Amino acid sequence: MSILNTKLTPSDKAQAYGMRLLTKAGGLDAVKNDGLRKRLEKILYSGAKQGFKAQTVAGKAFAKKSGSGAPVRATPSRPKSVFDLNPTEDQAMIAEAAREIADEVLRPAAAQADTDRALPDKVRAQAAEMGLTLVGVPAELGGIAEEASAVTGVLVLEQLARGDMGLAVALMSSAAVAGAIANYGDAAQQATFLPAFTDETDPATGALGIQEPQPLFDPAKPATTAIRQGDDIVINGTKALVPGADSRDLFIVSALLDGSPRLIIVEPGTQGLRHDDDPAMGIRAAKTGQLILENVTVPAANVLGTAADHADAVRRARLAWAAAAVGTGTAVLDQLKGYTKERKAFGEPIAYRQAVAFTVANIAIEVDGLRLVVLRAAALLDAGKDACAQIAHARSLAARHLTEVGSNAVQMLGGHGFVKEFDNERWYRDLRATGVLEGTLYV
């Protein structure tokens, strides 16, 4: 029986979960490495201490700090001597942790979270315990990243989205903010904002707002504008489909500043910033909303990175969405393989029919093909090489073929694919997001 179904206190559940993961991970080659084992034990111990916490309310105070010296960046990934997409020991350990959370926490909570349009407190707590929202933050800054690795990010997103994409987006949108500050922020920005995200007892939440409510939106030409006024920046515009727009502790929004698109840190509670509900057909557990900025004034020091960093964030977000599509596509495929073998028509399993077998085979090809493209793009990013073409390929495959995967799965299940008793109708809706949304996620 799953530990989540036993009558334990919330704290006991957290401790039991951590111990079960540690026991299971003990068989992994990854944890035979003493350094990796100590990191995992630290994550599990700190998570077991905190148990389940109530979701934080927006409005954390970020005390301005000057920082010292140059900003901390994660060490670049060590290039491999041969082309190899197999995960490293560290990546395998973190992916296994994400898989555990997907199976034991996300999947059981997914249907109700979709209905409620809410991230359950226990789901958020379990993810925080394992430190998955800190996969892009260097260990020197309180995260769990020993080296900069887009591959690690896509592996985690794939596993979480296999459990449920809506919950994965709700969780990992905070990772996008922490990762962007770690990668693009100066020393003062890192010192001011990152400690709240790495806090073991009450980690902050955030959201990356790039999407806008306009047709044919181009992230390189946002309608949101930012104008310099002395030492301040005045922002006007609207950001759409922002996860937790009504409750996050920190936002990063894109705006056109000095003729170039830039990322700007905006704290909730800033005068002129308000939110409006913006429900979508998919990723409903993320509770998307609009951020409306009317003469929102922030310090010029809140501009994050450069115009090149904005372009990099958009590319990494598109790759992250493609990785999420791989995860949900895998969930679709796993369900279809079992269903078509068990469902009988005319005295035999429907899997024996060529039309059915070929459709399932095509789904497997498309999901695995996208996975390879995503991993190749991530590996190129980690090697410091140009991955623009591969990310464009991943985006196109997710938009064209993974939405078709969701549609075909609903069709294969017939009436079962159209009702909420089965997960496929939710997966179909979620997969529609992966080829159209900008920002939100990040690897």
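Conventions we followed
Residues numbered from 1 in each chain as written. Predicted model: local features only at pLDDT ≥ 70, side-chain atom pairs only at ≥ 80, totals over all residues. Heavy atoms only, no water. UniProt positions renumbered as here; feature names shortened; annotations may be inferred. Helix = DSSP H or I, 4+ residues; strand = E, 2+ residues; numbered from the N terminus. Buried < 20%, exposed > 50% of the residue type's maximum accessible area, 1.4 Å probe, protein only. Contact = heavy atoms within 4.5 Å. Areas by Shrake-Rupley, 256 points an atom, 1.4 Å probe, with all protein chains shown as cover. Salt bridge = Lys/Arg side-chain N within 4 Å of Asp/Glu carboxyl O. Core = buried A, V, L, I, M, F, W, Y, C linked by side-chain atoms within 4.5 Å. pLDDT = per-residue confidence, 0-100. Axes fitted to C-alpha atoms, helices over the stretch in contact; angles between N-to-C directions. Parallel < 35°, antiparallel > 145°, perpendicular 65-115°, else oblique. Left-handed = near helix turned anticlockwise from the far one by under 90°. Pairing = 2+ DSSP bridges. Polar contact = N/O pair within 3.5 Å; in protein donor to acceptor, adjacent residues only side chain to side chain. Nonpolar A, V, L, I, M, F, W, Y, C, P; charged D, E, K, R; others polar.

As recorded in an unreviewed UniProt entry, the chain goes by Acyl-CoA dehydrogenase family protein and comes from Branchiibius cervicis. Here the chain is described in UniProt, under the heading Cofactor (unreviewed entry), as follows: "FAD".

Moving on: the overall build of the chain. The helix and strand inventory of the chain stands at 11 helices and 12 strands. Burial analysis of the chain (443 residues in total) assigns 56% to the buried set. If you take every contact in the chain between residues at least 6 apart in sequence, the share linking residues at least 24 apart comes to 77%. Here the chain has roughly 18700 Å² of accessible surface; of this, 53% comes from carbon and sulfur atoms.

Glancing now at helix α4 (residues 121-130). Of all 10 residues in α4, 7 are buried, a share of seventy percent or more. Of the residues making up α4, those classed as buried are V123, R124, A125, Q126, A127, E129 and M130.

Once that is clear, we can look at the pattern of salt bridges. Scanning the entire structure with this criterion turns up 16 salt bridges. With its nearest N and O atoms 2.8 Å apart, the salt bridge here joins R426 to D164. Note that R426 is positioned in helix α11 (residues 424-431) and D164 in the loop between α5 (150-163) and α6 (165-184), a separation of 262 residues in sequence. Across the pair, exposure class does not vary: R426 and D164 are buried alike. In this structure, the salt-bridge partner of R274 is E294, at a minimum N-O distance of 3.3 Å. Here R274, found in strand β8 (residues 273-277), pairs with E294, found in strand β9 (residues 288-299); they are 20 residues apart in sequence, far enough to count as distant. We classify E294 as partly exposed; its relative accessible area is 42%. Salt bridges here are not isolated pairs; linked through shared partners, they connect D114, E425 and R429.

Let us look at the nonpolar core. Counting residues in each nonpolar core, the largest one holds 79 residues, and the members touching the most others are L160, M172, L319, L370 and V374. Among the elements that make up this core, the one with the highest residue count is helix α8 (residues 307-342) (13 residues). Those residues in contact with V374 that lie beyond four places of it in its chain are V154, L319, A322, A323, V326 and A394. Judged by nonpolar contacts, the second largest core, of 27 residues, contains I181, A182, I265 and Y442.

So, on to the confidence of the model for the chain. Do not read the predicted coordinates in detail wherever pLDDT is low. Confidence along the chain averages 85 in pLDDT terms, with 85% of residues attaining 70 or more. The low-confidence segment residues 43-58 (pLDDT under 50) makes 54 contacts with residues lying over four places distant or belonging to another chain.

Close contact between α8 and α11 brings their axes to 10 Å; oriented N to C, the two are set at 155°. Between α8 and α11, the crossing angle belongs to the class labelled roughly antiparallel. Judged by the sense of rotation from one axis to the other, the crossing of α8 with α11 is left-handed. In this structure, α8 contributes A325, T328, G329, A331, V332 and Q335 to the contact, and α11 contributes N424, W427 and L431.

When strand β5 (residues 232-243) meets β9, the two strands line up antiparallel, connected through 9 bridges. Following the sheet pairing, G237 is matched in β9 by L293.

Counting through the fold element by element, E158 comes out in helix α5. Residue classification places E158 among the buried residues on the basis of a relative accessible area of 13%. There is a polar contact of 2.9 Å between the side chain of E158 and the side chain of R371. Dropping the residues within four chain positions of it, E158 is found in contact with A323, V326, G327, T330 and R371.

This part takes up the packing of α5 against α6. Between α5 and α6, the least distance of the axes is 7 Å, while the angle of their chain directions is 135°. It follows from the interaxial angle that α5 and α6 lie oblique. Here α5 runs over α6; the crossing is right-handed. Seen from α5, the contacting residues are V156, L157, L160 and A161; seen from α6, they are M165, A168 and M172. Residues that form the contact of α5 with α6 fall into these classes: 7 nonpolar, no polar and no charged.

We now examine the environment of P222. Looking at the element boundaries, P222 is found in the loop between β3 (206-209) and β4 (225-229). Its relative accessible area of 5% is what places P222 among the buried residues. It is 8.9 Å that separates the C-alpha atoms of P222 and G237, two residues lying 15 residues apart in sequence. Look past the residues within four positions of P222 in its chain and what remains in contact with it is E212, F217, K239, S254, A255, L256 and P261.

Residue placement: R395 occurs in helix α10 (residues 388-413). The buried category is assigned to R395, whose relative accessible area is 12%. A distance of 3.2 Å separates a polar atom in the side chain of R395 from a polar atom in the side chain of E438. The contact partners of R395, leaving out residues within four places of it in the chain, are R318, T434, G435, V436, L437 and E438.

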